[in-house]
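# Inside the fold
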Amino acid sequence: MATAKAKPMKIKNSTSTTVFYIICYVLIGLITLACLLPFIMLVSGSFTSEHAIRFGGYSLLPREFTTEAYQLIFKTPMAVIKAYGVSIFITVAGTAAGLILTTMTAYVISRKDFKYRNALSFFFYFTTLFNGGMVCTYIFYIQYLHLKDSYWALILPAMFNVFYLLIMRTFVSSIPMALIESAKIDGAGEFRTFFSIVLPLLKSGMATIGLFLALGYWNDWYNAMLYINSEDKYPLQYMLYSLLQKTQAMAAIASQANVQLTDIPTNSLKLAMAVVATGPIILVYPFVQKYFVKGVTIGSVKG
Amino acid sequence: MERKGVTMGKHLSNFTKEVKKNKALFIMAAPAVLLVLVFAYLPMSGLIVAFKNYRYDLGVFGSDWNGLANFAYLFQSGTGWLITKNTILYNLLNLVTSQLLAVLIAIFITEMNSKIFKKVSQSIIFLPYFISWVIVGVFVYNIFNYETGILNNLLASAGVDPVNVYSMPGVWPWIICVFNSWKWCGYNSVIYIAAITGVDSQIYEAASIDGANIFKRIRYITIPSIKPTVVTMLLLQVGRILRGDFEMFYQIVGNNGQLFDATDVIDTYVFRSLLQNSNIGMTAAASFYQSVLCFVIIMVVNTVIKHIDEEYALF
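All values derive from a computational prediction rather than experimental measurement.

## A short note on the overall build of chain B
For chain B, the helix and strand inventory stands at 15 helices and two strands. Its C-alpha radius of gyration of 26 Å places chain B more than 25% over the 20 Å reference for a compact globule of 315 residues. For chain B, the C-alpha atoms occupy an extent of roughly 75 × 60 × 35 Å along the three principal directions. Taking all 315 residues of chain B together, 51% fall into the buried category. Counting contacts in chain B only where the partners sit at least 6 residues apart, residues at least 24 apart contribute 64% of the total. Carbon and sulfur atoms form 65% of the exposed surface of chain B, whose accessible area is close to 14,900 Å². Distance between charge centroids for chain B: 10 Å, based on 22 positive and 18 negative side chains.

## Points about the interface of chain B and chain A
Across the boundary between the two partners, chain B contributes 109 residues, which contact 101 residues of chain A. Interface area, chain B with chain A, both sides summed: about 9,800 Å², of which 76% is carbon and sulfur. Contact with chain A buries surface across chain B, with B:Met28, B:Phe39 and B:Phe130 losing the most and accounting together for 8% of the total. Here chain B is connected to chain A by 19 residue pairs in polar contact (both at pLDDT 80 or more). No other element matches the 16 residues that helix α2 (residues 23–41) of chain B contributes to the side of chain B that touches chain A.

## Here we look at the packing of helix α4 (residues 78–110) of chain A against helix α10 (residues 190–201) of chain A
Geometry of a packed helix pair, given as the angle between the helix axes and the separation of the axes. All names here are of chain A. Where α4 meets α10, the axes come as close as 12 Å, and the angle between the chain directions of the two elements is 105 degrees. Judged on the interaxial angle alone, α10 and α4 are roughly perpendicular. Facing Thr103, Met104 and Tyr107 of α4, the residues of α10 in contact are Glu190, Thr193, Phe194, Val198 and Leu199. Classifying every residue of the contact of α4 with α10 gives five nonpolar, two polar and one charged.

## Here's the deal with the nonpolar core
Counting 185 residues, the largest nonpolar core has A:Phe124, B:Phe126 and B:Ile252 as the members making the most contacts within it. Looking at which element gives the most residues to this core, the answer is helix α14 (residues 266–300) of chain A, with 15 residues. Both of domain 1 (2–61) and domain 2 (70–312) of chain B provide at least three residues apiece to this core. Beyond its immediate stretch of four places on either side in the chain, A:Phe124 contacts A:Thr105, A:Phe160, A:Val162, A:Leu165, B:Ala32, B:Val33 and B:Val36. Counting residues in each nonpolar core, the second largest holds five residues, with B:Val301, B:Ile305, B:Tyr312 and B:Leu314 among its members.

## Comments concerning the domain arrangement of chain B
Accessible area lost when the parts come together is the quantity often used to give the size of an interface. Residue and element names in this part refer to chain B. Annotation of chain B at the domain level lists domain 1 (2–61) and domain 2 (70–312). Taking the mean C-alpha position of each, domain 1 and domain 2 sit 36 Å from one another. Contacts between domain 1 and domain 2 engage six residues on the former and seven residues on the latter. Interface area, domain 1 with domain 2, both sides summed: about 550 Å², of which 78% is carbon and sulfur. Counting across the interface, domain 1 meets domain 2 through zero salt bridges. On the surface where domain 1 and domain 2 come into contact, there are two residue pairs in polar contact (both at pLDDT 80 or more).

## Considerations on a nonpolar patch on the surface
Taken together, B:Leu293, B:Val296, B:Val300, B:Val304 and B:Ile308 make up a surface patch of nonpolar side chains, about 420 Å² in accessible area. Position of B:Val296 among the secondary structure elements: in helix α15 (residues 280–308).

## Observations regarding the packing of aromatic side chains
If you walk through the whole model with that rule in mind, you get 63 aromatic pairs over all chains. Just above the ring of B:Trp65 sits the side chain of B:Lys52; from NZ or CZ to the centre is 4.6 Å.

What counts, and at which threshold
Residues numbered from 1 in each chain as written. Chains lettered and ligands numbered in written order. Predicted model: local features only at pLDDT ≥ 70, side-chain atom pairs only at ≥ 80, totals over all residues. Heavy atoms only, no water. Helix = DSSP H or I, 4+ residues; strand = E, 2+ residues; numbered from the N terminus. Rg over C-alpha atoms; globule rule 2.2 N^0.38 Å. Buried < 20%, exposed > 50% of the residue type's maximum accessible area, 1.4 Å probe, protein only. Contact = heavy atoms within 4.5 Å. Areas by Shrake-Rupley, 256 points an atom, 1.4 Å probe, with all protein chains shown as cover. Lys, Arg positive; Asp, Glu negative; His and termini not counted. Charge placed at Lys NZ, Arg CZ, Asp CG, Glu CD. Buried area = accessible area lost by both parts, 1.4 Å probe. Polar contact = N/O pair within 3.5 Å; in protein donor to acceptor, adjacent residues only side chain to side chain. Axes fitted to C-alpha atoms, helices over the stretch in contact; angles between N-to-C directions. Parallel < 35°, antiparallel > 145°, perpendicular 65-115°, else oblique. Nonpolar A, V, L, I, M, F, W, Y, C, P; charged D, E, K, R; others polar. Core = buried A, V, L, I, M, F, W, Y, C linked by side-chain atoms within 4.5 Å. Domains from an automatic or database assignment. Salt bridge = Lys/Arg side-chain N within 4 Å of Asp/Glu carboxyl O. Patch = residues over 30% accessible without salt bridge, like charges linked within 9 Å, V, L, I, M, F, W, Y side chains within 5 Å. Phe/Tyr/Trp six-rings, centres within 6.5 Å; stacked < 30°, edge-to-face > 60°. Lys NZ or Arg CZ within 6 Å of the ring centre and 35° of its normal.

Right, here's the structure in full:
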C-alpha cells in the first residue's frame, strides 16, 4: 500500500494544521464507514428473523437472531451447489485460458524483433475505440455463433481484454531482452524460451491479471442474462438476481392481495443468498488486494 | 497498376519472410487474434442492421434496406434525444463527483500519519469495487424500499411519514451518483495515491524546512503531481461520454417504468428493446449512433489534446 511520505516535522503544529488533520481523519473515517456499513447490514439482515425485518426493518445488529434463511437455502442445496459449480467452472476455465492468451500475446507485442508488433497492438487497441455495440453483438452471437444457452457465451467474450494486455505488456517489458536472446543462443526454441524462461519471471504479472479475470468471471451476470435460458446453467450472481426478481414480484402480488407472506423468509433469504454469493470474494480479499492495487496502478499509466 | 502489383508482391514476400523467421510468435498471437476477430470485429458487420428493416428469419444480410428510416423514427419519437441527454448528463455528473471524491480521498489518505488507520481505511474504501452490481442493487433496495427500507425506518423513528422513493424520479440522479462514487472512489483513489507517492519525499521535506505548511504543500506539490493523472482520467471518461454504465443503471433502477424518463440511458434503452424484440432496426440505429459518435468524440478529443500538449494525448 501507500508508503508513508515525508515524516512529519517536529515543529509545533499551527491551529489550521490541527483542524486539517481533524477534518482529514473524520472525513476518511466517514467514507470508510459508508463503504463498510452496507456489508454489515447485509450480514446482520441475513441472520435476522423475517418477523423482525418486516415490522422493524433492517438494523446494524440482528434483533432476533436466526439462521432460518440459511437453513432454507441449504435444505434444498442442489440449486446453490449447481450455481456455485457453474461459477467456479467458468471462473477457472476462463481465467486459465485468458491468462495464457494474454501472456502469450503480451510477449509477442513486446518482442522488438517482431516486425508486426505495432500493427498487432493497434488491431487490439482499436476495439477499445470502436465496437459494434450491444445490438450487433447480441444478434451476431446468437444468430451466427449460436451461443444461446451455451457455456461458451459465459466464457469466450470475457476471455481477452485489451486493458489487461497493456498491463501484462508492462510486466513483460521489465524482463531484459538479453535474457531471451541468450536463451536462444543456447539453443532453446521460441516456445521453450517462453515457457521456461519468460513465464517464471511473470509470476506476479500473472497473479495480477489472473485475479482481475477471475473477479470479472465471478461477478458476471450480464452475459448470463443475455444468453442463458436454462436455470441449471445460471452462474451464482445471475441466480441471485433472478431470485431477487422472483421475491420482489411475490411481495408485490402478496401486498396487492393483502396476504401475509411470513411463512417464507423472503427478505432474509435474499440477503443470505447475497452473502453466499459474495462470501468467497470477501474471504480472499485481504490476501489478494495488493495484486489489484498493483494492476490498477500500472493500468493507469498509459502504455 | 503494375507498380501497385509490385509493391503488393513485396509486402507479401516480406510477410512470408517474417512468418518464416518468427513462426512461433505468429502461433502465440494467433488465438487472441482469432478471438478478437470473431468476438469483436465480425459483430461490427451487424452495424448495417441500423439501415435495414431487420427480420430475424432473413438475418442481418438478407433483410431489406430502408435507408435512414430507423434514425428518423428514433429521433422523431423523442426517445433519441431523451436518452442522449440522460446519458451525457449522468456521465458528466458521475465523472465530476467520483473523480473529485477520489482525489480528495487520495490527498487525505497520503497525509495521514497513522499507518494502521491509513491501511485499514484504504482497504475498506477499495472493497466496493470487488462486489457485483447485483449486490449493490440489493443494498439500494434495502435502503429505499417502502415497507422495510432503512430510510423509512429512520424516518419513522424520527416521527416523519415514510416516503416512496421509487415514485420520485427527481432524486434518482443523485442516488445513482452516490452509488457510482461509492463503488469507484476506492479504485480511482488507488490511482491517485500511486501518483502522489511517486513524488520524491525529499521535495516535501525541503518544502517543510522552508516553512511551507500543509496547505501549501498540497497546493504546490501534491496537486501539480497528480494533474497529469487527473487529465488522463478525465479524457478517458470523456471518450466514453455516450456510453452508459449498463450494469449500474440496470441493477439500481431495474425495470421500474416510473423512473425511465429520469434514468433511461442509451444502453438500458437498447437492452430493453432488444429483449422485448420491439423494432430491432430502431434499436440498432441507437446503438450505431452511439458507437460512431463515441468514436468521433474520442478521435476529436485526442487530436485537439495533441495540438495543445502532446504529453496528454491518449494515443
